[in-house]
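Coordinates in review
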Amino acid sequence: MLAETICSAVSAAGLGIAAITAFRRRFLTAARIAAYALIPLGLVLTGAVAWAADTAFDPMAWVGFGLLGAAWLLFLLSRAVERRRLRRATPETPGEGGRPAAGPAASRRAVPPAPEGGRRGPAAGSGDQDDFSDIEAILKKHGI
């Protein structure tokens with residue numbers, strides 16, 4: 001009964017503020033204030049306030065909320081354990097599409113075999129230097 005009275009008073013005060021705002025020719029703001037002011041009164045008339053008050057002071061309702069929380073925690077815990085078991089069971093982490101992820105050897109660029117003379121250019125003999133020759137060619141192309 002007290003909650004309904006408070007909600008009605010808040011709605012009446014909000015509608016009064018909306019009327020004053022409309023008198024000052026701020027109609028859009030007045031319409032928004034009126035909309036917010038009607039919410040508590042609508043909640044009272046639909047019975048939502050009485051339901052919330054009954055639920056808030058009912059010990060059985062709190063036991064129900066506690067059980068729902070426990071069920072939610074058990075669900076999350078079981079999902080975490082399941083994911084951990086799946087990670088331990090698979091030795092490789094899957095890539096896109098469920099295929100195994102490519103290792104470092106597969107990500108390297110295929111290098112063509114060296115010509116007959118055994119030299120491949122200015123950086124012959126070092127595998128890492130071959131990669132830099134491509135970068136040097138790109139930089140020279142752009143004038144850097």
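The text that follows walks through the structure, step by step, so that each part is easy to find. Computed from a predicted structure; not experimentally measured. (Residues numbered from 1 in each chain as written. Predicted model: local features only at pLDDT ≥ 70, side-chain atom pairs only at ≥ 80, totals over all residues. Heavy atoms only, no water.)

Some thoughts on the overall build of the protein
Heads up, the rule is: A helix here means a DSSP run of H or I that spans at least four residues, while a strand means a run of E at least two residues long, and both kinds are numbered starting from the N terminus. The cut-offs for exposure are 20% and 50% of the maximum accessible area for each residue type, with area from a 1.4 Å probe on protein chains only; residues under the lower value are buried, those over the upper are exposed, and the others partly exposed. Between two residues, a contact is recorded if the distance between any of their heavy atoms is within 4.5 Å. Here the open area of atoms and residues is found with the Shrake-Rupley method and a 1.4 Å probe, where only the protein chains shown may cover a residue.
Tallying secondary structure elements over the protein gives six helices and zero strands in all. Starting at the N terminus and ending at the C terminus, the protein contains elements arranged as α-α-α-α-α-α. Taken over 144 residues, the protein has a buried fraction of 10%. For the protein, long-range pairs separated by at least 24 residues make up 27% of all intrachain contacts whose partners lie at least 6 apart in sequence. Total accessible area on the protein is roughly 12,300 Å²; 66% of this is exposed by carbon and sulfur atoms.

Thoughts on a nonpolar patch on the surface
Rules: Without a salt bridge and with relative accessible area above 30%, a residue can belong to a patch; like charges are then joined within 9 Å and nonpolar side chains (Val, Leu, Ile, Met, Phe, Trp, Tyr) within 5 Å. Just to be clear on terms, a salt bridge is a Lys or Arg side-chain nitrogen sitting within 4 Å of an Asp or Glu carboxyl oxygen.
Where nonpolar side chains cluster on the molecular surface, the patch consists of W72, L73, F75 and L76 and spans about 460 Å² of accessible area. As for its position among the elements, F75 is in helix α4 (residues 59-89).

Some points on the side chain of T21
With respect to the secondary-structure elements, T21 resides in helix α1 (residues 2-23). Not counting the four nearest positions on each side in its chain, T21 is found in contact with R26, T29, A30 and I33.

A word on the environment of A35
Mapping A35 onto the fold places it in helix α2 (residues 27-46). Judged by its relative accessible area of 44%, A35 falls in the partly exposed class. Along the backbone, A35 and S11 are 24 residues apart, and their C-alpha atoms lie at a distance of 9.6 Å.

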